[in-house]
Amino acid sequence: MSSDHARAELERTWRDPATLKGWICTLDHKAIGRRFIVTALLFFAAGGVLGGLMRHQLSEPGKTMLGPDLYNQVFSMHGTTMMFLFAVPVMQGIGLYFVPLMIGTRNTAFARMTACSYWVYLIGGLTLFTGFALNTGADAGWFAYVPLSGPEHGFGKRADFWNVLVNFTEAMGLMVAVDLTTTALKMRTPGMSLQRMPLFVWATLVSSIMIIFAMPTVMLGANLVQFDRMAGTHFFNAAEGGDVLLWQHVFWYFGHPEVYFIFIPALGFISAIIPTFARRPMFGHTAIVLSLIATGFLSFGLWVHHMYATNVPELGKSFFTAMSFMIAIPSAVQLFCWIATLWTGRVAMKSPLLFIVGFFVTLVIGGLTGIMLGSVPLDLQVHDTQFVVAHLHYVLIGGALFPLFGAVYYWFPKVYGRMLNERLGRWHFWLLFIGFNLTFFPLHVLGLDGMPRRIYTYSADSGWGPLNFLSWIGAMIDDLGLALFILNVLRTFWKGERASDNPWGAGTLEWATSSPPPPYNFERLPVVASLEPLWSPPAEGPREVVGLATNSREGLVTTVLDALPDVRYSYPSPSIWPVVAAFGVGLWLIWSIFSNKGMLIGLILPSIAFIAWYWPSQKEAAEELALEKRP
Amino acid sequence: MPMNDALHAAGPQAAWIGQLWWFTLWLCVAVFVALMAALAWALWRARRPAGAMPQPAPPSAGAERLARRWVSAAVLLSSLLLMGLLAASVLTDQRLATLSLDGALQIRVTAHQWWWEVEYEDPRPDRVFRTANEIVIPVGRSVVITLLADDVIHSFWVPNLHGKKDMIPGRTATIQLRADRAGTYVGRCAEYCGLQHAFMAYDVVALPADRFAAWQEHQLTPAPEPAGAAARRGHELFLTGSCMLCHAVQGTSANGRRAPDLTHFASRASIGAGQIANTSQALAQWIEDPQKLKPGVNMPAHLLPREDLAALVEYLETLR
């Protein structure tokens, strides 16, 4: 069978029909990943506008643009959007797009579930913003502390919207995490043993496993609050023997790992970008893998450092101080390994690497202020002040957003087949870098000056005016940088330079296929024998997997440790039912906010959808049987 | 610049934390400078002309060995520095916990949305008194403050004197502090508590021992009988209108506990927990429409005839 013929047949097998139904039902991990990324970036823009409104409101004392009620909704929605609707989905979207390419397979393991999860995410996010537009935006912060979000003090349906939709949207994170974990462990192309798995895939694997352990905690907690609100239970009612502090434990047991499962994929971007632009394999690959795993474990032992000001036992707090300091070590190991890689490499300073340098500067500041916050006495002074606002933005913007932009400049040519403009990229970087530091550095000082967080205004005699004004100027410069980014993307679609398959001369498998990749990713799955298969292909033995069917969606499952061929796997074919299920569950939960009857009747549609989804297809069974008899 | 920040300590607790702060800050600055220098040097020495994309190659074994040594040394040094910081942090914590409490003054502070109820405790019930949004303490004597919350979580924070302590419904916390310099220190609620979290401030006034004792005796006296027709009319309005449902004035039948005790209201600096300065004009505005000055506050508007309002203000001004 000729190569052209095989490609045509694979194309027929894997391409979605060019109809609306084909577009909605697609199971292509690249299409779904792209959707996640684009949607998350739109939510990022919405969250950014909310952040800009806050900086504007605080730019001078006594401003009345936002009243207290609106301001509280704005900051709650800003945090909720950035954490739940932007940071986690965008990292998962990039994982969905690149993990199968990097490990040389045709699709993710549970493509239908992931297809369902995108619609869950979209419905959840849009409903949250619809609520906000109707003056029912969350107003108890992204942390939604009880009793402020409880039945007695949480007005109207605001907290219900937060509880139900965060719960619903997080189901998305959980589903994608299960899919990515399975894909990384079982779908790697032959020869890609765990030792040869790219660092970005390691990072995605670690963060996905963390999501599987952390997400259910906040979902459970939000349900308990919702029970208190809807059914009159007393989980958090101190007057009836409940405990207010329980929510904080539950929330931060999820909330602290969440920061790390946003940060760890970003570490993966950096570990993908640095070897390419230092033109050498990563120094200390094993140390970095172990650091990622250690960070994942340790991040579950830090949650109480958000609660030092509460009256939990003092000795316990010291344990959490030690843990908070200890988690700095794996991060330090990675920083040192990256510097060593650059030091011993030959550096090509292109825009992706520029963003990584920006990451170094900002993340180190954020990490050091994080160490300050880990110390009980220092935290008691700066906790819940603008100092923490500064710290968390240094960690999240420095630690996740800068690497994210680096990743966008790095992988854009692979996804869209065109190079982003280098000059605009540099302008984008410098404006963002300067604007960011101008926005957030002064907040450290304001925090020490006694300015609390989450205040809608302040009086002139507090003396906080000038630094807040400076911060507002920084935010304007940031906006300019982000506008340049949008301009760069639009310009590239219009007349960007065409990208070759491997424009950066990188070593990992995603660059082995065309830009953009075909629906089936690789004509034949590559066999690998090293960490950078494109830099050092197998010297002997087969270089490609042969014998997989091209006329049906067939892939290869390999063993977890050594990636030896295990079984042939029939990928699912597109179906409308995952989409119907997402809408059904969404309608059910939204209905449940307004009516207890809805809680019951609303279950009918999702039940039908799930049954139809799993209904066995005779045609598929016959195909599989035929393949088994004569491959 | 006002001196209400965490680094201008007026007592031992804030001073200990301040010391730890400077120690940690300089150590962090040193680490930052060292890391940035290493990064800058790495990028400088390994740079290639713009646009060049050399062939990838593993570096020599010697360079790799050297890098391994440097990285190991840096990890070891970082771990040692972190241990040092941990020791400093735990020792500071211990100092904070061992403030001498001999003869300490006992105060009970209850946080409400959005004001502070302050009760001075005493073994003799007739020497217990209440005030609001202002905590007067003696210089040089330790104070143990019992912290309670009435509705949602609040947090007690006077940066010049100590770090913060959360006030959580259903839980009782305490904070120990001492002021060594006389002065007025601003305290603020530090835990987000709803609409008026921004304006939930209080003053901590540290007075020399003798002046504190005089203040305390004065607080124990009930409100004086109002003199003058207008003040008497105001007094009557206070007791027959809705004021007394929530407010208390000792020495009268007004016994409400839902809102600040007004027995010595006129001696306080602000209205509405730091919202506006306590002047007669501001007071009239406040009584007429508190929502305008502090949206969300639990006090309703009172549309009184002009002369009644003036009388009420006049009466409240007598509560010195």
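Residue positions are given per chain, counting from 1 as you read along its sequence in written order. Chain A is the first chain written and ligand 1 is the first ligand written, with later ones labelled in order. Side-chain atom pairs in this predicted model are given and counted only at pLDDT of 80 or more, local residue features only at pLDDT of at least 70, and totals for whole chains, interfaces and linings cover all residues.

Caption draft 1: Local environment of the overall build of chain A. Secondary structure elements follow DSSP: runs of H or I of four or more residues count as helices, runs of E of two or more count as strands, with numbering from the N terminus. Each helix and strand counted, chain A has 20 helices and two strands in total. All radius of gyration figures rest on C-alpha atoms, and the globule criterion is 2.2 Å times the number of residues raised to 0.38. A compact globule built from 631 residues would reach a C-alpha radius of gyration of about 25 Å, and chain A, at 25 Å, matches this within 12%. By its C-alpha atoms, chain A is 80 × 60 × 50 Å across when sized along the principal axes. Note on contacts: each residue gets a C-beta atom placed from the backbone, and two residues are in contact if those atoms are within 7 Å. Here the contacts in chain A between residues at least 6 apart in sequence split such that 80% fall between residues at least 24 apart.

Caption draft 2: Structural view of the domain arrangement of chain B. Looking at chain B, the domain boundaries give domain 1 (12-45 + 61-97), domain 2 (105-220) and domain 3 (229-317). When each unit is reduced to the centre of its C-alpha atoms, the spacing between domain 1 of chain B and domain 3 of chain B is 55 Å. Each domain's limits were defined by an automated method or a database of domain assignments.

Caption draft 3: Quick look at the sheet that holds strand S1 (residues 105-112) of chain B. Residue and element names in this part refer to chain B. The pairing criterion for strands is at least two bridges between them, as found by DSSP. Strand order across the open sheet formed by five strands is S3-S2-S1-S5-S8, with mixed pairing between neighbours. Whereas interior strands pair on both sides, the edge strands pair on one side only; in this sheet they are strand S3 (129-132) and strand S8 (173-177). Taking each pair of neighbouring strands and ignoring which way they run, the sheet shows an average axis angle of 25 degrees. Bridge count for S1 against strand S2 (residues 115-120) is six bridges, and the pairing is antiparallel. For helices, the fitted line uses only the C-alpha atoms of the stretch in contact; every axis is such a line through C-alpha atoms, and the angle between N-to-C directions lies from 0 to 180 degrees.

Caption draft 4: Structural context of the environment of Gly366 of chain A. All names here are of chain A. Here Gly366 shows up in helix H12 (residues 351-374). Distance from Gly366 to Lys21, taken between C-alpha atoms, is 46 Å for residues 345 residues apart in sequence. Ignoring anything within four residues of it in the chain, the contact list for Gly366 reads His391, Tyr394, Val395, Gly398 and Gly399.

Caption draft 5: Examining helix H10 (residues 314-326) of chain A more closely. Expected span of a helix: the number of residues minus one, times 1.5 Å. Spanning 13 residues, H10 of chain A covers 19 Å between terminal C-alpha atoms, matching the ideal 18 Å at 1.5 Å per step. Each residue is classed by its C-beta neighbour count within 10 Å, where at least 20 other C-beta atoms makes it buried, 12 or fewer makes it exposed, and intermediate counts make it partly exposed; the C-beta atoms are placed from backbone geometry. Residues of H10 of chain A that are buried: Lys317, Phe320, Thr321, Ser324 and Phe325 of chain A. Down the axis of H10 of chain A, the smallest arc covering the buried residues is 140 degrees, so these residues share one side. Along H10 of chain A, exposed side chains directed more than 90 degrees from the buried face belong to Leu315, Gly316 and Phe319 of chain A. Contact partners of the buried residues in H10 of chain A: helix H11 (328-343), H12 and helix H13 (376-382) of chain A together with helix H2 (61-97) of chain B. Directions drawn from the helix axis to the C-beta atoms are what define this arc.

Caption draft 6: Spatial organisation of H2 of chain B. Across its 37 residues, H2 of chain B extends 54 Å between first and last C-alpha, which sits within 8% of the 54 Å expected from 1.5 Å per residue. Within H2 of chain B the residues assigned to the buried category are Ala67, Val71, Ala74, Leu82, Leu85, Ser89, Thr92, Asp93 and Leu96 of chain B. Looking at the packing, one finds that the buried side of H2 of chain B touches H10, H11, H12 and H13 of chain A together with helix H1 (12-45) of chain B.

Caption draft 7: Quick peek at the pairing of strand S5 (residues 143-149) of chain B. Residues and elements named next belong to chain B. Here S5 shows a clear split, with Val143, Ile145, Leu147 and Ala149 buried on one side and none of Val144, Thr146 and Leu148 buried on the other. As defined by bridge partners, S1 adjoins S5 across seven bridges and the pair is classed as parallel. Within S5, the position partnered with Thr110 by the bridge is Leu148. The sheet contact formed by S5 and S8 spans five bridges and is antiparallel.

Caption draft 8: Quick peek at unusual backbone geometry. At the junction of Ser515 of chain A and Pro516 of chain A, the peptide bond is cis and its omega measures out at -10 degrees in the coordinates. Tracing the backbone through its elements, the reader meets Pro516 of chain A in the loop between helix H16 (465-495) and strand S1 (554-558). For the peptide bond that leads from Gln113 of chain B to Trp114 of chain B, omega is -5 degrees, which places it in the cis range. Take Trp114 of chain B: it is sitting in the loop between S1 and S2. For Ala144 of chain A, which is not glycine, the phi dihedral falls at a positive 45 degrees. The topology assignment puts Ala144 of chain A in the loop between helix H5 (111-133) and helix H6 (158-186). Overall, the presence of 26 C-beta atoms within 10 Å leaves Ala144 of chain A in the buried class. One non-glycine residue, Arg279 of chain A, adopts positive backbone phi at about 55 degrees. Inspection of the secondary structure assignment puts Arg279 of chain A in the loop between helix H8 (244-278) and helix H9 (285-298).

Caption draft 9: Focus on the sheet that holds strand S10 (residues 201-207) of chain B. All names here are of chain B. Taken together, five strands build an open sheet; the order of strands is S4-S10-S9-S6-S7 and the sheet is mixed. Edge positions in the open sheet fall to strand S4 (134-138) and strand S7 (165-167), since each of these has one partner strand only. Neighbour-to-neighbour, the strand axes of this sheet turn through a mean angle of 25 degrees, independent of strand direction. Here S4 runs beside S10; their pairing, made up of five bridges, is parallel. Along S10, the bridge assignment pairs Val136 with Val205. Of the strands in this sheet, S4 and S10 are in contact with helix H3 (residues 209-220), which crosses S4 at around 135 degrees.

Caption draft 10: Looking closely at the interface of chain B and chain A. Taken together, the contacts link 76 residues of chain B with 74 residues of chain A. Listing elements by their share of the side of chain B that touches chain A, those giving two or more residues are H1, H2, S7 and strand S9 (183-189) of chain B. Among the elements that line the side of chain B that touches chain A, the one with the most residues is H2 of chain B, at 18 residues. Polarity classes work like this: nonpolar for Ala, Val, Leu, Ile, Met, Phe, Trp, Tyr, Cys and Pro, charged for Asp, Glu, Lys and Arg, and polar for all others, with Gly in that last group. Partitioning the side of chain B that touches chain A into residue classes produces 51 nonpolar, 13 polar and twelve charged.

Caption draft 11: Broad picture of the environment of Thr169 of chain A. Along the chain, the position of Thr169 of chain A falls in helix H6. In this structure Thr169 of chain A comes out as buried when scored by C-beta crowding, with 25 C-beta atoms within 10 Å.

Caption draft 12: Just the pairing of S1 of chain A, in detail. Residue and element names in this part refer to chain A. As judged from the five bridges shared by S1 and strand S2 (residues 565-570), these two strands associate in the antiparallel manner. Note that in S2 the partner of Val557 across the bridge is Val567. The antiparallel hairpin formed by S1 and S2 contains six residues in its connecting segment, where Ala563 sits at a positive phi of about 55 degrees.

Caption draft 13: View of the packing of helix H7 (residues 199-231) of chain A against H9 of chain A. Residue and element names in this part refer to chain A. Running from N to C, H7 and H9 point in directions that differ by 15 degrees, and their axes come no closer than 9 Å. Classified by the interaxial angle, the pair formed by H7 and H9 is roughly parallel. Crossing geometry of H7 relative to H9 is assigned as right-handed. Seen from H7, the contacting residues are Leu199, Trp202, Ala203, Val206, Ile209 and Met210; seen from H9, they are His285, Ile288, Val289, Leu292, Ile293 and Gly296. By the definition adopted for this analysis, an angle is roughly parallel if under 35 degrees, roughly antiparallel if over 145, roughly perpendicular if from 65 to 115, and oblique otherwise. In this scheme the handedness of a crossing depends on how the near helix is turned from the far one: anticlockwise by less than a right angle means left-handed, clockwise means right-handed.

Caption draft 14: Inspection of the packing of H6 of chain A against helix H17 (residues 577-594) of chain A at higher detail. Residue and element names in this part refer to chain A. Across the interface, H6 lies against H17 with an axial gap of 10 Å and an inter-helix angle of 160 degrees. For the element pair H6 / H17, the angle class is roughly antiparallel. In this structure, H6 crosses over H17, and the sense of that crossing is right-handed. Residues Asp160, Phe161, Val164 and Phe168 of H6 form the contact with H17, whose own contacting residues are Val585, Gly586, Leu589, Ser592 and Ile593.

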